[in-house]
Amino acid sequence: MRQAIVRAERLTTELIRTVDRLFAPFPLDEENKAQRARAVDQRKRVLTEWLNAQAARDSTR
């Protein structure tokens, strides 16, 4: 049980460090679909990197 709490605290800290990049402001023009796609891709990339880092850590423990 203690391990789960420690892991949750670590993941929370890591996610907080990533939040700024994940939710970086983008002035989106509703008509510009390419711009919207780039913004979504950027957020997806940051979240994927974070999730992959967590999975890698979990697999080494």
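Details of the structure are given in the entry above.
Glancing now at the overall build of the protein chain. Along the protein chain, the regular secondary structure elements total two helices and zero strands. Taken over the C-alpha trace, the protein chain has a radius of gyration of 15 Å; the compact-globule value for 61 residues is 10 Å, which it surpasses by more than 25%. By its C-alpha atoms, the protein chain is 50 × 20 × 15 Å across when sized along the principal axes. Expressed as a percentage of the 61 residues in the protein chain, the buried residues total 18%. As presented, the protein chain carries roughly 5,100 Å² of accessible surface, and 59% of it is formed by carbon and sulfur atoms. Of note, the protein chain has its 13 positive side-chain charges centred 6 Å away from the centre of its 9 negative side-chain charges.

About the thresholds
- Residues numbered from 1 in each chain as written.
- Predicted model: local features only at pLDDT ≥ 70, side-chain atom pairs only at ≥ 80, totals over all residues.
- Heavy atoms only, no water.
- Helix = DSSP H or I, 4+ residues; strand = E, 2+ residues; numbered from the N terminus.
- Rg over C-alpha atoms; globule rule 2.2 N^0.38 Å.
- Buried < 20%, exposed > 50% of the residue type's maximum accessible area, 1.4 Å probe, protein only.
- Areas by Shrake-Rupley, 256 points an atom, 1.4 Å probe, with all protein chains shown as cover.
- Lys, Arg positive; Asp, Glu negative; His and termini not counted.
- Charge placed at Lys NZ, Arg CZ, Asp CG, Glu CD.

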